[in-house]
Amino acid sequence: MAMASFYHPAAYRDAGLAAGSDLRKRLLDHPARRAAHARVLHETTDFLNRIGVPVTV
C-alpha cells in the first residue's frame, strides 16, 4: 500500500505552501493519520497478510 501517494508534494506546491514537503512529512507521520488509514484499509491489509503478502499502513 502506498498511502503516501495521496500526499503528493505537487499538491502542496500548487497550493502555494512554501514548506509543503515539511507539511507532507508531518501529515504522514501523524498518529491520527496512521490510525485513520489503518481503519479504512483493514479489510484489504488483513486479506493481503492472510494470503502471505506482508503489508503495513
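Definitions and limits used
Residues numbered from 1 in each chain as written. Predicted model: local features only at pLDDT ≥ 70, side-chain atom pairs only at ≥ 80, totals over all residues. Heavy atoms only, no water. Helix = DSSP H or I, 4+ residues; strand = E, 2+ residues; numbered from the N terminus. Buried < 20%, exposed > 50% of the residue type's maximum accessible area, 1.4 Å probe, protein only. Contact = heavy atoms within 4.5 Å. pLDDT = per-residue confidence, 0-100.

Asks: If you had to explain the environment of R33 to someone new, which residues and values would you point to?
Replies: Within the secondary structure, R33 sits in helix α3 (residues 31-50). What makes R33 buried here is its relative accessible area of 13%. Excluding residues that lie within four positions of it along the chain, R33 makes contacts with M3, Y7, L27 and L28.

Asks: Lay out the confidence of the model for the protein with the relevant residues and their values.
Replies: When the pLDDT values of the protein are averaged, the result is 86; 95% of them are 70 or greater. Across the protein, α3 holds the top mean pLDDT of 90, while helix α1 (residues 9-14) sits lowest at 86.

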